[in-house]
Amino acid sequence: MIRLVLLGGPGSGKGTQADRMKERYRAVKISTGDLLREEIRRESELGRRAKQFMDKGELVPDDVMIGILDKMTQAFETRAQSYILDGFPRTLPQAQALLEMLKKQGVNLTTALLIDVPESELVRRLSSRWTCRNCSATAGYPDGKPDQAVCGQCGGELYQRDDDKKETILNRMKVYRKNTEPLIRFFEEKGLLTRVEGFGDPDSVAMRIHETLERTLKS
Ligand code: AP5
Ligand code: MG
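Some remarks on the sheet that holds strand S7 (residues 158–159)
Strand order across the open sheet formed by three strands is S6-S5-S7, with antiparallel pairing between neighbours. Every other strand in the sheet has two partners, leaving strand S6 (138–140) and S7 as the edge strands with one partner each. Summarising the sheet, strand S5 (residues 129–132) and S6 pair through three bridges and their orientation is antiparallel. Its bridge partner being in S6, Arg129 is matched across the sheet by Gly140.

Written as structure tokens, this is what we have:
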């Protein structure tokens, strides 16, 4: 049973790697970004509230995010289901709330896995990213997307996320540095941080994550 947090800047490959890891570890991926985009698509109250922040590359307020997570992880705990958190926590209050919640449930976080990628590479990846409308898988087209390209996973339609515009990408980087980067130290001080270099193609990164996690799980 694993309970993982994936940390890393926007575009570091959290979604890409969570999709690979969920099969290997028979885990569920909980992506708060995907979840919020689904609420926006459904035009729910939560979606309307979140969109205002997401379109600008700002974070959705902590009270909203902490409220959502509570319900989800409880459901997984009762089913003894491993899970990977992609995009949560993103602030110190969210991280504190997560650890408190796990403590209440009487369980531990396996580790917070940081996918470390330089900012110039993050901007390059996000500017060329296309996302599947159906299954949220992503593909990078640095030279432009061919007209007939569809999702490699399910054949669904590809679109560019509203927050993958140049100015919004730069703001997301700023927000990451200010609000989320401090979590690296937070988890490190608790002996809960595992670091992996995120450069190279997705398969090499997946291999590196696998080797590193195996060591962490044994220790
Ligand atoms: P979210 O959807 O979580 O966005 P993000 O953190 O900005 O991360 P991304 O999804 O952009 O990147 P990723 O790390 O998943 O990379 P990916 O695998 O796609 O959040 C969006 C918004 O929702 C936030 O801005 C905020 O407003 C709100 N939100 C969500 N959670 C929140 C929370 N907890 N609190 C408050 N607000 C919250 O890869 C990127 C691209 O690179 C893809 O094209 C991929 O194909 C390619 N790629 C991946 N790996 C490689 C590789 N090794 N080499 C080359 N290309 C690669
Ligand atoms: Mg993602």
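Picking up after the structure, the text goes on.
A short note on the layout of surface pockets
Taken as a whole, the second largest pocket spans an internal volume of roughly 420 Å³. Forming the walls of the second largest pocket are 17 residues, and the residues nearest its centre are Arg37, Glu38, Ile40, Arg41 and Tyr159. At the level of elements, helix H2 (32–41), helix H3 (45–54) and S5 are the ones that each hand at least two residues to the lining of the second largest pocket. Broken down by element, the lining of the second largest pocket gets its largest block of residues, five residues, from H2.

Side note on unusual backbone geometry
Note on backbone geometry: most residues besides glycine have negative phi, and most peptide bonds are trans. Omega for the bond connecting Phe88 with Pro89 falls within 30 degrees of zero, at -5 degrees, which places this linkage in the cis form. One can find Pro89 in the loop between strand S3 (82–86) and helix H5 (92–105). With a phi angle near 55 degrees, Glu43 is a residue other than glycine that sits in the positive phi range. One can find Glu43 in the loop between H2 and H3. Here Ser136, not a glycine, exhibits a phi torsion of approximately 70 degrees, which is positive. In this fold, Ser136 is placed in the loop between S5 and S6.

Topic: helix H7 (residues 166–180)
Helix length check: H7, at 15 residues, gives a terminal C-alpha distance of 20 Å against a target of 21 Å (1.5 Å per residue), a fit within 8%. Check the buried side of H7 and you find it contacts strand S1 (3–7), H3, strand S4 (111–116), helix H6 (119–127), S5 and helix H8 (182–189).

Here we look at the site of ligand 1
Around ligand 1 sit 34 residues, and of these Thr16, Glu58, Arg90, Arg129 and Arg172 come closest. Separating an oxygen atom of ligand 1 from a side-chain N or O atom of Arg37 is a distance of 2.9 Å. One of the side-chain nitrogen or oxygen atoms of Gln94 is found 2.9 Å away from a nitrogen atom of ligand 1. In isolation ligand 1 offers 1,000 Å² of accessible surface; the protein chains occlude 93% of this area. Where the shell around ligand 1 is concerned, the elements lending two or more residues are helix H1 (14–24), H2, H6, S6 and helix H9 (202–218). With four residues, the top contributor of residues to the shell around ligand 1 is H2. Taken together, the residues of the shell around ligand 1 break down into 11 nonpolar, 13 polar and 10 charged.

Calculation criteria
- Note that residues are indexed from 1 along each chain, following the sequence as it is written.
- Throughout, the order in which chains and ligands are written sets their labels, letters from A for the former and numbers from 1 for the latter.
- At least 70 in pLDDT is required for a residue's local features to be given in this predicted model, at least 80 for side-chain atom pairs to be given and counted, and no such filter applies to totals for whole chains, interfaces and linings, which use all residues.
- Side-chain calculation: all heavy atoms of the structure are included, whereas hydrogens and water are not.
- Paired strands are those between which DSSP finds at least two bridges.
- Here a helix means four or more residues in a row that DSSP labels H or I, a strand means two or more in a row labelled E, and each is numbered from the N terminus.
- With a 1 Å grid spanning the protein atoms alone, the term cavity applies to any set of points in which a 1.4 Å probe fits but cannot get out, the term pocket to an open set with protein on both sides within 12 Å along at least five of seven lines, and the term lining residue to any residue with an atom within 4 Å of a point.
- Grid points are joined across faces, edges and corners, and a volume is the space filled by probe spheres set on the points.
- Any helix carries an expected span of 1.5 Å times its number of residues minus one.
- In this analysis, two residues are considered to be in contact whenever any of their non-hydrogen atoms come within 4.5 Å of each other.
- Proximity is defined per residue: any heavy atom of the residue falling within 4 Å of a molecule or strand makes that residue near it.
- Identification of polar contacts relies on pairs of N or O atoms within 3.5 Å, with a donor-acceptor requirement for protein atoms, meaning one able to donate a hydrogen and the other able to accept it, and with residues adjacent in sequence counted only if both atoms are side-chain atoms.
- For accessible areas, the Shrake-Rupley method is used with a probe of radius 1.4 Å. Any residue's cover is judged against the shown protein chains and nothing else.
- All amino acids are sorted into three groups, where Ala, Val, Leu, Ile, Met, Phe, Trp, Tyr, Cys and Pro are nonpolar, Asp, Glu, Lys and Arg are charged, and the leftover types, Gly among them, are polar.

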